[in-house]
Amino acid sequence: MKVIAVTNQKGGVGKTTSTVNMAASLGVLGHKVLMIDMDPQGNATTGLGINKADLQSCIYTVLVDEIPIEEAVIQTPFQNLWVVPATINLSGVDLELASVIGRESRLKQAIEDMQQEFDYVLIDCPPSLGLLTLNALTVSNSIIVPIQAEYYALEGLTQLLNTIRLAQRHLNKELVIEGIVLTMVNKTNLSAEVEQEVRNIFDKKVYKTTISRGVRLSEAPSYGKPIYYYDQRSRGAQEYLELAKEVMKHGN
């Protein structure tokens, strides 16, 4: 089982879109995938058509009440894809676990028994570097960082890299950057310049596949579907399939 955190503390970079669609694409390609929504906004949860009002258990009850994670796993209607949903309750986790020993390892303890059940676990992290992200970094084998192909793309990246280094030193020596994916790419000179700069800095860590800006891609979450199931022939669906193939190849 490979555990990948999708993270960037800068908001609006296509992090949730990438987590949902990579998870769905890996499922389409035949892998059993668990997606864990660690963002209090719960956008990845609603992006898979789950009504948060109906939930009895979620990642909050796993982390705070220590219920078995199996009780919070929901099978989605999409091929090979399961999810541990999130609700707004998650926003209080930093305070509720502030004095708990081993609070950074709660998620790691929770999914220890699931090694045989899934090929991939993808974690949608919140756009901050608090306790929820630390839990994701502690349990993950690697990190995928979505970067928006816009002017402020690299802003805040130094802070993220410092946090990753701290996590490596104190919580998870095995943690590596799996890859960097350029999102919201359009046919402008600025987009091309940002892409070139990111490739110059991170070299082979940057995936060949880039994710274009697209109407269909931004419509899909409001229908509670990954892009592949909303419009299989759209550019976004094809790009996320290609990206998933790269993720599979990187991992071998």
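In what follows, the structure referred to is the one given above.
Definitions and cut-offs
- Residues numbered from 1 in each chain as written.
- Predicted model: local features only at pLDDT ≥ 70, side-chain atom pairs only at ≥ 80, totals over all residues.
- Heavy atoms only, no water.
- Helix = DSSP H or I, 4+ residues; strand = E, 2+ residues; numbered from the N terminus.
- Rg over C-alpha atoms; globule rule 2.2 N^0.38 Å.
- Buried < 20%, exposed > 50% of the residue type's maximum accessible area, 1.4 Å probe, protein only.
- Contact = heavy atoms within 4.5 Å.
- Areas by Shrake-Rupley, 256 points an atom, 1.4 Å probe, with all protein chains shown as cover.
- Lys, Arg positive; Asp, Glu negative; His and termini not counted.
- Charge placed at Lys NZ, Arg CZ, Asp CG, Glu CD.
- Phe/Tyr/Trp six-rings, centres within 6.5 Å; stacked < 30°, edge-to-face > 60°.
- Lys NZ or Arg CZ within 6 Å of the ring centre and 35° of its normal.
- Axes fitted to C-alpha atoms, helices over the stretch in contact; angles between N-to-C directions.
- Parallel < 35°, antiparallel > 145°, perpendicular 65-115°, else oblique.
- Nonpolar A, V, L, I, M, F, W, Y, C, P; charged D, E, K, R; others polar.

**Thoughts on the overall build of the protein chain**
Scanning the protein chain from terminus to terminus reveals eleven helices and seven strands. A globule of 252 residues ought to have a C-alpha radius of gyration of about 18 Å, and the protein chain, at 17 Å, matches this closely. Seen through its C-alpha atoms, the protein chain measures out along the principal axes to roughly 50 × 40 × 30 Å. For the protein chain, buried positions account for 54% of its 252 residues. Nonlocal contacts in the protein chain, meaning residues at least 24 apart in sequence, comprise 79% of its contacts between residues at least 6 apart. For the protein chain, the accessible area works out to roughly 11,600 Å², and carbon and sulfur atoms hold 48% of it. Taking the average place of the 23 positive charges on the side chains of the protein chain and the average place of its 28 negative ones, the gap between the two points comes to 7 Å.

**Some words on the packing of aromatic side chains**
This structure, assessed with the given rule, holds four aromatic pairs. Plain terms: the ring middles of Trp82 and Phe118 are 5.6 Å apart, the flat faces sit at 70° to each other, and that makes the pair edge-to-face. Highlighted residues: Trp82 in strand β4 (residues 81–84) and Phe118 in the loop between α5 (106–111) and β5 (120–124), separated in sequence by 36 residues. Grouping residues by exposure puts Trp82 and Phe118 together as buried. Ring plane angle 75° and centroid distance 5.3 Å describe the contact between Tyr228 and Tyr229, whose orientation is recorded as edge-to-face. Residue Tyr228 is classed as buried on the basis of its relative accessible area, which comes to 18%. Feature note: the residues Phe78, Tyr228 and Tyr229 constitute an aromatic cluster, connected by ring pairs. Over the ring of Trp82 we find Lys32; its NZ or CZ atom is 5.1 Å from the centre of that ring. The ring of Phe118 has Lys32 sitting right over it, with the charged end atom 5.7 Å from the ring centre.

**Thoughts on the packing of helix α1 (residues 15–28) against helix α11 (residues 235–250)**
Close contact between α1 and α11 brings their axes to 8 Å; oriented N to C, the two are set at 75°. Considering the angle they form, α1 stands roughly perpendicular to α11. Contacts between α1 and α11 involve Thr17, Ser18, Asn21, Met22, Ser25, Leu26 and Val28 from the former and Tyr240, Leu241, Leu243, Ala244, Val247 and Met248 from the latter. Counted by class, the contact of α1 with α11 contains nine nonpolar, four polar and no charged residues.

**A look at the environment of Lys52**
Inspection of the secondary structure puts Lys52 in the loop between α2 (43–46) and α3 (59–63). A relative accessible area of 27% means that Lys52 is categorised as partly exposed. For the pair Lys52 and Ala86, spaced 34 residues apart in sequence, the C-alpha separation works out to 7.7 Å. Those residues in contact with Lys52 that lie beyond four places of it in its chain are Gln41, Gly42, Thr45, Thr46, Ala86 and Thr87.

**Quick notes on the side chain of Asp231**
Turning to its location among the elements, Asp231 is positioned in the loop between α10 (227–230) and α11. Here Asp231 falls in the buried class, since its relative accessible area comes to 18%. In this structure Asp231 touches Arg216 and Ala237, once residues within four positions along its chain are discounted.

From the geometry alone we can't say anything about function, so treat these as descriptive.
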